[in-house]
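Coordinates in review
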Amino acid sequence: QVQLVESGGGLVQPGGSLRISCAASGGIFSIYAMGWYRQAPGKERELVAVTTSRGITNYGDSVKGRFVLFRDIAKKTVSLQMNSLKPEDTAVYYCNLEAFGTNYWGQGTQVTVSS
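Residues numbered from 1 in each chain as written. Predicted model: local features only at pLDDT ≥ 70, side-chain atom pairs only at ≥ 80, totals over all residues. Heavy atoms only, no water.

Overview of the pairing of strand S7 (residues 67-72)
Sheet topology places S7 next to strand S8 (residues 77-82); six bridges connect them, and they run antiparallel. When the bridges of S8 are listed, Leu 69 appears paired with Leu 80. Adjacent in sequence and paired antiparallel, S7 and S8 are bridged by four residues, among which Lys 76 carries a positive phi angle near 55°. (Pairing = 2+ DSSP bridges. Helix = DSSP H or I, 4+ residues; strand = E, 2+ residues; numbered from the N terminus.)

Quick look at the sheet that holds S8
Taken together, four strands build an open sheet; the order of strands is S1-S3-S8-S7 and the sheet is antiparallel. Across the chains shown, the open sheet's two edge strands, defined by having one partner strand only, are strand S1 (3-7) and S7. Within this sheet the neighbouring strands show an average axis-to-axis angle of 15°, counted without direction. Pairing geometry for strand S3 (residues 18-25) and S8, over six bridges, is antiparallel. Across the sheet, residue Ala 23 finds its bridge partner in S8, namely Thr 77. (Axes fitted to C-alpha atoms, helices over the stretch in contact; angles between N-to-C directions.)

Concerning the environment of Arg 38
Here Arg 38 shows up in strand S4 (residues 33-39). Arg 38 sits in the buried class, given a relative accessible area of 4%. Measuring from C-alpha to C-alpha, the distance between Arg 38 and Ala 49 comes to 9.6 Å, with 11 residues separating the pair along the chain. Each residue touching Arg 38, except ones within four places of it in the same chain, is listed here: Glu 44, Arg 45, Glu 46, Val 48, Ser 62, Val 63, Phe 67, Glu 88, Asp 89, Ala 91, Val 92 and Tyr 93. Among the polar contacts made by the side chain of Arg 38, one reaches the side chain of Asp 89 at a distance of 2.9 Å. In this structure the side chain of Arg 38 is engaged in a polar contact, spanning 2.9 Å, whose partner is the side chain of Tyr 93. (Buried < 20%, exposed > 50% of the residue type's maximum accessible area, 1.4 Å probe, protein only. Contact = heavy atoms within 4.5 Å. Polar contact = N/O pair within 3.5 Å; in protein donor to acceptor, adjacent residues only side chain to side chain.)

Here we look at the layout of surface pockets
Roughly 220 Å³ of internal volume is contained in the largest pocket. Residue lining of the largest pocket: 16 residues in total, with Ile 31, Met 34, Ser 53, Arg 71 and Ile 73 positioned closest to the centre. Contributions of two or more residues to the lining of the largest pocket are made by S4, strand S5 (46-52), S7 and S8. Partitioned by chemical class, the residues of the lining of the largest pocket number eight nonpolar, five polar and three charged. Approximately 160 Å³ is the volume found for the second largest pocket. Lining of the second largest pocket is provided by 13 residues; of these, Arg 38, Lys 43, Glu 46, Ser 62 and Glu 88 occupy positions nearest its centre. A per-class count over the lining of the second largest pocket returns two nonpolar, three polar and eight charged. (1 Å grid on protein atoms, 1.4 Å probe; cavity = no way out; pocket = protein on both sides within 12 Å on 5 of 7 lines; lining within 4 Å. Points joined across faces, edges and corners; volume = space filled by probe spheres on them. Nonpolar A, V, L, I, M, F, W, Y, C, P; charged D, E, K, R; others polar.)

As structure tokens, then:
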């Protein structure tokens, strides 16, 4: 059974930085893609950053230049370094893993950007 465990969310001031991480466990032999989505109250879930097994990383337009996705293939982890945070980055961030055509989701971690 695939499990995604997220960590590192919290409260940060505007302009600050935060790093969130996700570790995958379970019967995973081949990961196609892994990364992060987010959902703010009243809004749809949106792409933050996802990296594929071919080493291609896609970022959402609103985070390009501010967020960086790191991955460790051997450890099956991804980390999202978030810089220059804005109040509009406030959301629940969900780790996502795609393998063999199936999407798996973490429980979500809250990131709040506020003074």
